[in-house]
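Remarks on the overall topology
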Amino acid sequence: RVRETPADIALPAAANAIAPHPTRPLLAAGDVGSRNGGKPPAAPRYSYSCTEGENRQLWSSGHHLRSCRDVAFAPDGQRLFTVAKDKAVHVLTVEEGRLETRIPKAHGSALNCVLPIDDHLFATGDDNGMVKVWDLRKGDAVLEARQQEEYISAMAVDANGKILLTTSGDGTLGVFNVKRRRFELVSEPQNGDLTSVALLKRGRKVACGSSEGTIYLFNWDGFGAASDRFALRAESVDCMVAVTDSIVCVGSLDGVIRAVNVLPNRVLGCVGQHPGEPVERLALAAGGQLLASCAHDQKVKFWDVSALVGLVVDDYRKKKKKGGPLRALSGKAAGSGQDFFAGLRDEEEEAEGSGGEDSDGDSDG
């Protein structure tokens, strides 16, 4: 039987992170392990399929001593990077899960995130605000800077691999020049922790999620201060992934995965949910049609986001009664069964700040 989306993947423990392979239907997870003599923290790799019964665990790496906090595939798909609370960086071969490189004390504090930049460079961030960029050819860090006061929550890099962006628990966005191996600047603090970051509008806009349930927008040439902010009716924005050049999916403490259009700022509806469980991580699978999510329920779930691809939201706004339910945007979303496009323009939330106008004149919605 062929399904609309792959079946849920049951994990041995709650996952901190998931990462899809850049070209193949493969997915890696980083879990916390189980206590009291149970299984050690692992980074299992799975293959997934829309054919019933075809999901498979291919291998599992249990090299980390403490909770595995982030996983990421190299751009060429040949290596898998993992970082953990034990301060170690591991580089594994994708096919066999063989440990190729281990940096045992990569940071002085527990590692929180890892981001491959190209086939040789990758960045790491820790609980104490330290950011490092590593060169696998040299086996050492080529950039080290601690410009943010709290944990590094997320990272992103531009299409040229030149500018590295980091969000922090101190509410700031950090900017690093990878090519010149130097720190550039840090933004003014926003309200709450900044938890996530995504590049939009062909790289001209940067969106950051916050623990206060607000999305902050920055112009590419104006990282010092947010150009716009958009408060969602959500407890938090804990994770974020760009689905199109204008639409992001965000995960929240309430377990709901929302689709949000940026400039004009609209909440389009609900893509899916982990009922009663905070959403830890979102990831867009190869091809851009499937969204994967993980939460405290020890499951990886898949959601069909193909209806969002190519969707353009215009500036038209129709007055909507606040407090209504979110529209279901996928067949598995709560309240699904309605036509996706019916009344789409009714789904909106009011922006705070500049009212959702695009400050650089962008009109591609």
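So, how was this worked out
- Residues numbered from 1 in each chain as written.
- Predicted model: local features only at pLDDT ≥ 70, side-chain atom pairs only at ≥ 80, totals over all residues.
- Heavy atoms only, no water.
- UniProt positions renumbered as here; feature names shortened; annotations may be inferred.
- Helix = DSSP H or I, 4+ residues; strand = E, 2+ residues; numbered from the N terminus.
- Buried < 20%, exposed > 50% of the residue type's maximum accessible area, 1.4 Å probe, protein only.
- Contact = heavy atoms within 4.5 Å.
- Pairing = 2+ DSSP bridges.
- Axes fitted to C-alpha atoms, helices over the stretch in contact; angles between N-to-C directions.
- Salt bridge = Lys/Arg side-chain N within 4 Å of Asp/Glu carboxyl O.

Per an unreviewed UniProt entry, the protein chain carries the name WDR55 protein and comes from Piaya cayana. Quoted verbatim from the Sequence similarities (unreviewed entry) field of the UniProt record, the comment on the protein chain reads "Belongs to the WD repeat WDR55 family."

1. A few points about the side chain of H274
Checked against the element boundaries, H274 lands in the loop between β25 (266–273) and β26 (279–284). A relative accessible area of 0% places H274 in the buried class. Residues contacting H274, with those up to four places away along its chain left out, are G255, I257, V279, S293, C294, A295, D297, K299 and K301.

2. Some points on the sheet that holds strand β19 (residues 205–210)
Read across the sheet, 4 strands follow the order β18-β19-β20-β21 without closing on themselves; strand pairing throughout is antiparallel. Each edge of the open sheet is held by one strand with a lone partner, namely β18 (194–200) and β21 (228–231). For this sheet, the mean inter-axis angle between neighbouring strands, taken without regard to orientation, is 20°. Looking at chain direction, β19 and strand β20 (residues 214–219) are connected through 5 bridges and run antiparallel. Looking at β20, one finds that K205 is bridged to N219.

3. Quick look at the pattern of salt bridges
All chains considered together, the criterion is met by 11 salt bridges. Between E52 and R3 there is a salt bridge, and its shortest N-O distance comes to 3.5 Å. Of this pair, E52 sits in the loop between β4 (43–47) and β5 (56–61) while R3 is found in the segment before β1 (9–10), placing the two residues 49 residues apart along the sequence. In this structure, E149 and R146 form a salt bridge, with 3.8 Å as the shortest nitrogen-oxygen distance.

4. Thoughts on the sheet that holds strand β11 (residues 121–126)
If you walk across this open sheet you meet the 4 strands as β10-β11-β12-β13, and the pairing is antiparallel. With one partner strand each, in any of the chains shown, β10 (111–116) and β13 (140–146) form the two edges of the open sheet. For this sheet, the mean inter-axis angle between neighbouring strands, taken without regard to orientation, is 20°. The sheet contact formed by β10 and β11 spans 5 bridges and is antiparallel. If you follow V114 over to β11, its bridge partner there is T124.

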